[in-house]
Amino acid sequence: MSTFDLIIRGGTIATASDVFKADIGIRDGKIVQIGAALEGATEVIDATGKYVLPGGIDSHVHISQPSGEGISMADDFESGTLSALFGGNTTIMPFCLQEKGRPLREALNAYHELAEGSCYTDVSFHLIVSDASPTLLGQELAALAEEGYASFKVFMTYENLRLNDAEILKTLDVARQTGSTVMIHCENEDAIRYLVEKHEAAGDVAPRAHATTRPIAAEREATHRALTLAEIAEVPIVIVHVSNGQAMDEISRARARGLKVYSETCPQYLMLTAEDLDGMDWEGAKFVCSPPPRDKAAQEDCWRGIETGVFDLFSSDHCPFRYDDEHGKRAPKALESFRHIPNGIPGVETRMPILFSEGVMKGRIDLPRFVALTATNHARTYGLYPEKGTIAIGSDADIAIWDPSVKKTIRHADLHDGADYTPYEGVEVTGWPTTVILRGRVMIRNGELVGRKGDGQYQTARTRTL
Ligand code: DUC
Ligand code: ZN
Ligand code: ZN
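What you see is a predicted model; the values in this text were computed from it and never measured.

**Q** Report on the UniProt feature "domain: Urease alpha-subunit N-terminal" (unreviewed entry) in the protein chain, specifying residues and quantitative values.
**A** Taking the UniProt record as the reference, the feature "domain: Urease alpha-subunit N-terminal" (unreviewed entry) is found at residues 3-38. As annotated, residues 3-38 has a helix share of 0% and a strand share of 72%, and its two end C-alpha atoms lie 10 Å apart.

Spelled out as structure tokens, the structure:
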């Protein structure tokens, strides 16, 4: 009998703290040895000249989420996780949305049913709290946290989802008591609604107005308020999808006051600007997401946040709708006004290649920072570490082998999601994850799918202990 099921030989391994050359020995889905010249395996993968990194964890992904009447998301668990896998991810964390007036448990059961047997990567769910009822706050969330649903998102925008400050405080209080983690979408809904009504009254209804009516000031104010509420409730929070320097400054100031705050940015805030929403014939709808992409200066600020540590998490916020589709970006109502264009863009497959190419290959960040931003910090923040997010003895053998010599032009035709476009069409990248291993099982070998639908499993999360 072999000592190992699989050896990954001769690669350059990177974790969030180190870069070193070694072989990895894998048995029963776990990393059991890291060392020189390992021998005795059923299968050996030669990783000479490649980078051997923890499989990516994308902790901000939307799949099969109810998105309003007549609108359907472009990805189910099968296409969403397949696309994630081809982008070097081994775990994704989608959101289970509580529908107003319904128990979260009911939504969770239905969401598990959708995922069961369909996944190519592991998955772990966040919850979205849209109805901060006494039952939810008093009983349901605590019970769910104990069962391994330890993170939930709240919205300060969207009329049908937003919580008011009192409700956010109560939700934060539950998080403090249960050790759960709250993610907050920071945009001031009343300010946005004021601007939307003004622009619509003036007949300015094209997609570009989406960006104009969700200005940086609305995000900055809500970020400040979320941080203040967390300070008062004495609980850590995650500020998700930060798009600009002014919101980053609020986060840095809160940290200087002693608040524990994690923050996330996404590829769209490094690669896109509001001008992309200008596209002819409604094409700008392809780039409608919230918060919206800003300008070149905001992109530079976000890069600074990536480089200096303001950001802990780099996620895709993959939220795919088809463009040429009456249930997507070109739904009948969406063609009447930007207000009704479904919010969100695809990106789960391109998240890491973009950061690897623009960040690592261009010398903005080193490999450990790349690993921290794309895998380790996600596992730590959301209770999946150390099984997930690192290369260490005892951890799950979730590994992506990156070939830094691959040069690709991003084309939607080559991607695996269910949308019909990518916002990054034509972007040239250097480096791609060519082999991906999930709990010791080779899922993609040299760019070819060899894993099966259903190989991905659900992962329960732990609550915070500190
Ligand atoms: N927030 C998200 O996190 N994703 C898509 C839309 C939104 O508003
Ligand atoms: Zn959001
Ligand atoms: Zn999102």
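**Q** Any details on the coordination of the zinc ion (ligand 2)? Residues and values, ideally.
**A** For a metal with four donors in a tetrahedral arrangement, the ideal angle between donors is 109.5 degrees, while six donors in an octahedron ideally sit at 90 or 180 degrees. Looking at the metal site, the zinc ion (ligand 2) is ligated by Lys153 (NZ), His185 (ND1) and His241 (NE2), spaced 2.1 Å from it. Donor residues for the zinc ion (ligand 2), ordered by position in the chain, follow K-x31-H-x55-H. In this structure, the zinc ion (ligand 2) lies 4.1 Å from the zinc ion (ligand 3). Residue Lys153 is found in strand 10 (residues 151-155), and its partner His185 is found in strand 11 (residues 181-185); the two are separated by 32 residues along the sequence. When its relative accessible area of 1% is taken as the criterion, Lys153 is described as buried. The class for His185 is buried, based on a relative accessible area of 2%.

**Q** Provide a residue-level description of the coordination of the zinc ion (ligand 3), including the pertinent values.
**A** For the zinc ion (ligand 3), every protein donor is listed as His60 (NE2), His62 (NE2) and Asp317 (OD), and the spread of their distances is 1.9 to 2.1 Å. Mapped onto the sequence, the donors of the zinc ion (ligand 3) take the spacing H-x1-H-x254-D. Given a relative accessible area of 0%, His60 falls into the buried group.

**Q** Run through the packing of aromatic side chains, naming residues and quoting values.
**A** Counting across every chain of the model gives 10 aromatic pairs. Between the aromatic rings of Phe125 and Tyr458, the centroid separation amounts to 4.8 Å while the plane-to-plane angle is 70°, which identifies the pairing as edge-to-face. With Phe125 in the loop between strand 8 (122-123) and strand 9 (126-128) and Tyr458 in the segment after strand 18 (448-449), this residue pair connects regions lying 333 residues apart in the sequence. The buried category is assigned to Phe125, whose relative accessible area is 1%.

**Q** Provide a residue-level description of the site of ligand 1, including the pertinent values.
**A** In the region of ligand 1, the neighbouring residues are His60, His62, Lys153, Tyr158, His185, His241, Ser290, Asp317, Cys319 and Asn343. In the environment of ligand 1, an oxygen atom lies 3.1 Å from a nitrogen or oxygen atom belonging to the side chain of His241. Contacts to ligand 1 include Asp317, whose side-chain N or O atom sits 2.9 Å from a nitrogen atom. Its residues assigned to classes, the shell around ligand 1 shows 2 nonpolar, 6 polar and 2 charged.

**Q** Any chance you could break down helix 12 (residues 367-381) for me, citing the residues and the numbers?
**A** If you check helix 12, its first and last C-alpha atoms are 20 Å apart, about what 15 residues at 1.5 Å a residue would give, namely 21 Å. The sharpest bend along helix 12 measures roughly 50° and falls at Leu373. Here helix 12 lies mainly inside the structure; 14 of its 15 residues are buried. The opening residue of helix 12, the one whose side-chain oxygen lies 3.0 Å from the backbone nitrogen of Arg369, is Asp366. Of the residues trailing helix 12, Gly383 is marked for its positive phi of about 75°.

How each quantity is defined
Residues numbered from 1 in each chain as written. Chains lettered and ligands numbered in written order. Predicted model: local features only at pLDDT ≥ 70, side-chain atom pairs only at ≥ 80, totals over all residues. Heavy atoms only, no water. UniProt positions renumbered as here; feature names shortened; annotations may be inferred. Helix = DSSP H or I, 4+ residues; strand = E, 2+ residues; numbered from the N terminus. Donors = N, O, S within 2.8 Å, 3.2 Å for Na, K, Ca; no water. Buried < 20%, exposed > 50% of the residue type's maximum accessible area, 1.4 Å probe, protein only. Phe/Tyr/Trp six-rings, centres within 6.5 Å; stacked < 30°, edge-to-face > 60°. Near = heavy atom within 4 Å. Polar contact = N/O pair within 3.5 Å; in protein donor to acceptor, adjacent residues only side chain to side chain. Nonpolar A, V, L, I, M, F, W, Y, C, P; charged D, E, K, R; others polar. Expected span 1.5 Å × (residues − 1). Bend = angle between axes of the 7 residues up to and from the residue.

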